[in-house]
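Analysis of the macromolecular model
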Amino acid sequence: PVKGIVKQRYLCKSCGRTFTDLTLTPLAYSKKQPRWGKFVRCMIEGMSVRKTAKEVGVSVPTAFFWRHKVLAALRSLDKPVLAGVVESDETYFRHSLKGVRRLREIVGREPKKRGKPATKRGLSREQVCVIVARDRHTLTVAEIGGRGVPKVQAVKKVLEPILDKESVLCTDGASSYKRFCSEIGVAHYSVSGKRANGSIYHINNVNNWHGRLKSWMVRFKGVATKYLNNYLMWFTFLDRTSRVSPISASKQMLTESCSVLMTEIKPRASTVDAA
């Protein structure tokens, strides 16, 4: 029991092991389960990890660990299938090794000051590419597509599992999308150099999503690249539940994250974001 909370424990007759309703969920083995409701509410409000820790009454490393347990569980859910007219475009973040110790030994350079611009102009491997796809039903998938300009393999890895074969993919003039559509047999429409003028084929919705994502990410003052996919999932969830009340969104986040059986929990991070 955890401070008055009695959990039913079950016995598996096949292997003889016991388990509860929360086994293999983010809440499993947590000694502070009553505080998870307030913690998830802080995530819905987009609070920083330090403000969350103060609000919930846990340590900063614990708040950071809880955050990524929830986000890792949400990422384990099946991705939606995008159908109809699907817009896709990429946005970029600076590659970050935030939190990594002994950078000189690992990558052969000194740590850089936060916010320092890239040394090369334009797109390069100093930039992390995030491929975003969004259909007209506002279903959205966002995932890292490598560093620099995305290649066909990266586009295929992100888009092929979530794209309906009868859909029409609208993109800019990047050749990787055209080759990808040709390989898997999906209709492609390039908006490069064309004005919408009332046409249904455009990428305005996905570009608008990019802008909201960038504005939301500012609060974290830089996110380590190894955690970027988690933060993309976080914003995708917030955007999807923006029309419901914070209480309903909190319940939905906790329910969805606990509906996944997590066979592996990432180890506690050594550092936290400064937001």
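See the structure above.
Residues numbered from 1 in each chain as written. Predicted model: local features only at pLDDT ≥ 70, side-chain atom pairs only at ≥ 80, totals over all residues. Heavy atoms only, no water.

Take helix α3 (residues 60-75) next. For an α-helix, 3.6 residues make a turn, and residues three or four places apart therefore share a direction. Look at α3: 23 Å from first C-alpha to last across 16 residues, which is about the 22 Å you get at 1.5 Å a residue. With 13 of 16 residues buried, α3 lies mostly within the body of the structure. (Helix = DSSP H or I, 4+ residues; strand = E, 2+ residues; numbered from the N terminus. Expected span 1.5 Å × (residues − 1). Buried < 20%, exposed > 50% of the residue type's maximum accessible area, 1.4 Å probe, protein only.)

The next point concerns helix α8 (residues 228-240). End to end, α8 covers 18 Å across 13 residues, agreeing with the expected 18 Å (1.5 Å per residue, within 8%). Of all 13 residues making up α8, 11 are buried, and the element is well covered by its neighbours. The set of residues buried in α8 consists of L228, N229, N230, Y231, L232, W234, F235, T236, F237, L238 and D239.

What follows covers unusual backbone geometry. Glycine aside, negative phi is the norm for most residues, and most peptide bonds take the trans geometry. Located in the positive-phi region is T138, a residue other than glycine, with phi close to 65 degrees. Within the secondary structure layout, T138 lies in the loop between β4 (127-135) and β5 (140-147).

On to the packing of α3 against helix α9 (residues 246-258). For the pair α3 and α9, interaxial distance at closest approach is 8 Å and the crossing angle is 70 degrees. As far as their axial angle goes, α9 and α3 are roughly perpendicular. The two elements α3 and α9 cross, and the hand of that crossing is left-handed. Within the contact between the two elements, α3 uses V70, A73 and L74 and α9 uses M253, E256 and S257. (Axes fitted to C-alpha atoms, helices over the stretch in contact; angles between N-to-C directions. Parallel < 35°, antiparallel > 145°, perpendicular 65-115°, else oblique. Left-handed = near helix turned anticlockwise from the far one by under 90°. Contact = heavy atoms within 4.5 Å.)

With that settled, consider the packing of helix α5 (residues 152-159) against helix α6 (residues 175-184). Between α5 and α6, the shortest axis-to-axis distance is 9 Å and the interhelical angle comes to 60 degrees. By the angle between their axes, α5 is oblique relative to α6. Here α5 runs over α6; the crossing is right-handed. Touching V152, V155, K156 and L159 of α5 are S176, Y177, R179, F180, E183 and I184, all from α6. Of the residues belonging to the contact of α5 with α6, the class tally is six nonpolar, one polar and three charged. (Nonpolar A, V, L, I, M, F, W, Y, C, P; charged D, E, K, R; others polar.)

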